[in-house]
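Descriptive structure summary
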Amino acid sequence: MRSAFPLVRTPHPVPEAERASILAAPGFGRHFTDHMASAVWTPEVGWHDHGVSALRPFSLHPSAAVLHYAQEVFEGLKAYRHDDGSVWLFRPERNARRFARSAERMALPTLPEDDFLAGIEALVRADEPWVPAATGERSLYLRPFMFAAESFLGVRPAERVVYSVIACPAEPYFPSGDNGVTLWVSTSYTRAGQGGTGDSKCGGNYGAGLAAQVEAERHGCDQVLYLDGAGEQGCVEESGAMNLFLITSDGELVTPALGTILEGVTRDTVLTLAPEYGLTPVARPVTFEELREGLADGTITEAFASGTAAVLTSVVGIKGEGYAWTVGTGKQGERTAALRERVLGIQYGRVEDSHGWLRRVV
Ligand SMILES: *Cc1c(COP(=O)(O)O)cnc(C)c1O
């Protein structure tokens, strides 16, 4: 079969011994594989120059639009090695669809979903030796992205756009496994507003969130919990790169409704699995007041955050200006643990993929 992303192998791969030592302790986002996938778009020809070739720096004119106006979107997903050596993606069609939606919001061209999948699969095949063994929740993290590469300073959608995928072997995002995180409720910063880019995976959202992240860390917290524009009179939204879930004493699994939050693949996965754990999935606005009362009177028994990088991570504490609350027992809850094991079990092929979520690459 001819790949839509033909491979030109690098003559200079990382030597095997060096790769082995990287795979033994990959960290997250520090070491990259030998190749990258890429394609270019212009209005005259559409998408062209698809291929997988040696990982190399981009050459950009200083006026390249992305450097000035942040016209950029990205995705994040993982390739998982199963015990029999095979390599799989988890629901990548969802990332393809979300990538197209994000691109549309940022006035970038649409990459056909089949090309999105073909580029990723071609890269994973080319760099297959970089997919870590299934121990220690390791995986190959894949980062597809698209940016405005045209050289010009006028404000309009760029007429030269680059699509690329890079990959890095990764350990769990929170090195502690799931010892739980504490979230900082920021009243200085919001993440999104109606009609904004909160539901798109664009770099600008992350750039704008860094000050809030620094504020959280200054208060001894791991991540930010964003409120909507109405502050403590309003609703809770999500964390900087993770969706939020609450489990109640009457068996509901509550998560903020879509709108200004990012629609996580993990979020949808957890909502789908909930009934199998005796939980009723509910997506609706969650007020800050409800969170405060629920933690105080114990009707919120567990909380966790979800995302591809973090899988399911227990939220064990919530802090803000003048308060510090403990969630449940202050440790990972039972239902969170069960859901987390199930999601990881499916991804690593240890339990049955009863929803047909896996897609084999190697
Ligand atoms: C990527 C992301 C998530 C998690 O999405 P997954 O598809 O589950 O990885 C949640 N919130 C934000 C803001 C994100 O960018």
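The rules we used
- The numbers attached to residues start from 1 for each chain and follow its sequence in the written order.
- Confidence filtering applies because this is a predicted model: local features only for residues at pLDDT of at least 70, side-chain atom pairs given and counted only at 80 or more, and all residues used for totals across whole chains, interfaces and linings.
- Water and hydrogen atoms were dropped before computing side-chain values, which therefore reflect all heavy atoms in the structure.
- Only residues above 30% relative accessible area that lack a salt bridge enter a patch, with like-charged residues linked at up to 9 Å and the nonpolar side chains Val, Leu, Ile, Met, Phe, Trp and Tyr linked at up to 5 Å.
- All accessibility values rest on the Shrake-Rupley procedure with a 1.4 Å probe; residue burial counts only the protein chains present in the view.
- Any carboxyl oxygen of Asp or Glu within 4 Å of a side-chain nitrogen of Lys or Arg constitutes a salt bridge here.
- A run of DSSP states H or I qualifies as a helix once it reaches four residues; a run of E qualifies as a strand once it reaches two. Both are numbered from the N-terminal end.
- A 1.4 Å probe rolled over the protein chains alone gives each residue an accessible area, and that area as a share of the maximum for its type sets the label: buried under 20%, exposed over 50%, partly exposed in between.
- Residue ranges labeled as domains rest on an automatic or database domain assignment.
- For any pair of parts, buried area is found by adding up, for both, the accessible area (1.4 Å probe) each one loses once the two are put together.
- Polar contacts, as used here, are pairs of N or O atoms within 3.5 Å; protein pairs need one atom able to donate a hydrogen and one able to accept it. Residues neighboring in sequence count only if both atoms are side-chain atoms.
- Any two strands with at least two DSSP-identified bridges between them are counted as paired.
- Under the pairing criterion, centres of Phe, Tyr and Trp rings, with the six-membered ring standing for Trp, must be within 6.5 Å; the plane angle then separates stacked pairs below 30 degrees from edge-to-face pairs above 60, leaving the rest tilted.
- Consider the ring centre and the ring normal. A charge sits over the ring if Lys NZ or Arg CZ is within 6 Å of that centre and within 35 degrees of that normal.
- One heavy atom suffices: a residue is near a molecule or strand as soon as one of its heavy atoms comes within 4 Å of it.
- By the convention adopted, Pro, Cys, Tyr, Trp, Phe, Met, Ile, Leu, Val and Ala count as nonpolar, Lys, Arg, Asp and Glu as charged, and the other residues, Gly among them, as polar.

What follows concerns a nonpolar patch on the surface. A surface patch of nonpolar side chains, amounting to about 260 Å² of accessible area, comprises Phe 58, Leu 60 and Leu 67. Tracing the sequence through the fold places Phe 58 in the loop between β2 (46-54) and α2 (65-69). Relative accessible area serves as the criterion here: at 38%, Phe 58 is assigned to the partly exposed category.

With that settled, the discussion passes to the domain arrangement of the protein chain. Here the protein chain is partitioned into domain 1 (16-170) and domain 2 (177-347). A C-alpha centroid distance of 27 Å is found between domain 1 and domain 2. For the pairing of domain 1 and domain 2, the buried interface totals around 1,900 Å² over both sides, and the portion due to carbon and sulfur atoms is 54%. If you sort the residues of domain 1 by the area they bury against domain 2, Phe 74, Phe 90 and Arg 98 come out on top, with a joint share of 30%. Between the two partners, domain 1 and domain 2, sit five salt bridges. Measuring nitrogen to oxygen at the nearest pair gives 2.9 Å for the salt bridge that ties Asp 268 to Arg 91. Seen at the junction of domain 1 and domain 2, the total is 14 residue pairs in polar contact (both at pLDDT 80 or more). Breaking the side of domain 1 that touches domain 2 down by element, the ones donating at least two residues are β3 (72-74), β4 (77-81) and α3 (92-105).

Before going further, it helps to spend a moment on the pairing of strand β6 (residues 139-148). Counting buried positions along β6 yields nine of ten residues, so the element is predominantly enclosed. In this sheet, β6 lies alongside β3 in antiparallel orientation, the contact comprising three bridges. Residue pairing across strands places Glu 72 opposite Phe 147, the latter belonging to β6. Where β4 and β6 come together, three bridges link them in antiparallel fashion. By the bridge assignment, Lys 78 is partnered in β6 with Tyr 141.

One pass over the structure, following the stated rule, counts 15 aromatic pairs. Considering the side-chain rings of Tyr 80 and Tyr 348, the 5.2 Å spacing of their centres and the 80° angle between planes classify their relative orientation as edge-to-face. Taken as a pair, Tyr 80 in strand β4 and Tyr 348 in the loop between α8 (334-347) and β18 (358-360) lie far apart in primary sequence, 268 residues in all. By relative accessible area, which is 3% here, Tyr 80 ends up buried. Members of the aromatic cluster, joined through ring pairs, are Trp 47, Phe 99, Phe 116 and Tyr 163. In this arrangement the basic side chain of Arg 156 is found over the ring face of Phe 152, its NZ or CZ atom lying 4.2 Å from the centre.

So, on to the site of the ligand. Near the ligand you find 15 residues, and of these Lys 201, Tyr 206, Glu 238, Thr 266 and Thr 308 are the closest. Within the backbone of Val 265, one N or O atom sits 2.7 Å away from an oxygen atom of the ligand. Contact with the protein chains removes 97% of the 380 Å² of surface that the ligand exposes when unbound. Looking at the shell around the ligand, its residues break down into five nonpolar, six polar and four charged.

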